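# Structural description and commentary
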Amino acid sequence: KAGVPFHCFFWEGNEKIDDHKPFSQEIARDWRRSNLQDLLTTLTSSSPYGLHTNERLGLVLTAHHRDDAEETILLKILRGAHITNISGMNKVAYMEQEKSQTKTTFAKPMLSVRKMDIVNYLKSKGFIWREDASNSSNKYLRNRVRNELMPLLRDIVGGDIILQVCDLPLRCHCVYS
């Protein structure tokens, strides 16, 4: 519609990433990252710049938002992370691809934006919002935090808290330093 190439991957359910591990969100995340790294390799393999390095042009942008970052911080607190390890998501991360020994840059440019702001903006531009059906299931702890704890905290605090949670990592590091 907008003239931007679109690439879609589907988990077939029979794909094995590690024969020794049962399915988990971590395995699904690794599967997504691997597919995105492979796609980036394909799209940049015929670089006109003739690079001979393990650094590649291009990066993967993900749509992680502020709500995701706050959930991550709360999960770390619930799991008993040390005060120096209470942090959200990194805006930029570099991951090495095992197959080709190249580094892939993953960036999260939407970390300061609320999910509802993204949804409302897209709808105002005529796009249809699509939600992964698994997000409404409380099978995974992250979903319980999203679906139960976050609304409870908003209710207790009275509004859009989430508590200066995004400032918490900085505060923790200042206290510990």
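For the structure itself, consult the block above.
This structure is a prediction, so every number in the text was calculated from the model and none was measured. (Residues numbered from 1 in each chain as written. Predicted model: local features only at pLDDT ≥ 70, side-chain atom pairs only at ≥ 80, totals over all residues. Heavy atoms only, no water.)

### As for the pattern of salt bridges
Pairs can form between side chains of opposite charge once their charged atoms are near each other. Within the structure shown, the criterion is met by eight salt bridges. Residue glutamate 70 pairs with arginine 66 through a salt bridge whose shortest N-O separation is 2.9 Å. With a gap of four residues between them, glutamate 70 and arginine 66 both fall in helix 2 (residues 66–78), about one helical turn apart. Residue class for glutamate 70 comes out buried when judged on its relative accessible area of 0%. Residue arginine 66 is classed as partly exposed on the basis of its relative accessible area, which comes to 25%. Between arginine 114 and aspartate 67 there is a salt bridge, with its nearest N and O atoms 3.5 Å apart. Of this pair, arginine 114 sits in the loop between strand 3 (102–107) and helix 3 (115–124) while aspartate 67 sits in helix 2, and the two are 47 residues apart along the sequence. Grouping residues by exposure puts arginine 114 and aspartate 67 together as buried. By sharing partners, the salt bridges in this structure join Arg66, Asp67, Glu70, Arg114 and Arg154 into a single network. (Salt bridge = Lys/Arg side-chain N within 4 Å of Asp/Glu carboxyl O. Helix = DSSP H or I, 4+ residues; strand = E, 2+ residues; numbered from the N terminus. Buried < 20%, exposed > 50% of the residue type's maximum accessible area, 1.4 Å probe, protein only.)

### Some thoughts on the sheet that holds strand 2 (residues 92–97)
The strand order across the open sheet built from three strands is 1-3-2, with neighbouring strands paired in mixed fashion. Two strands lie at the open edges of the sheet, namely strand 1 (60–61) and strand 2, each paired on one side alone. With six bridges connecting them, strand 2 and strand 3 associate as antiparallel partners. The residue of strand 3 that forms the bridge with tyrosine 94 is threonine 105. (Pairing = 2+ DSSP bridges.)

### What to know about a nonpolar patch on the surface
The grouping of Leu152, Ile156 and Val157 at the surface amounts to a nonpolar patch, some 290 Å² of accessible area in total. Structurally, isoleucine 156 can be placed in helix 4 (residues 141–157). The exposed category is assigned to isoleucine 156, whose relative accessible area is 60%. (Patch = residues over 30% accessible without salt bridge, like charges linked within 9 Å, V, L, I, M, F, W, Y side chains within 5 Å. Areas by Shrake-Rupley, 256 points an atom, 1.4 Å probe, with all protein chains shown as cover.)

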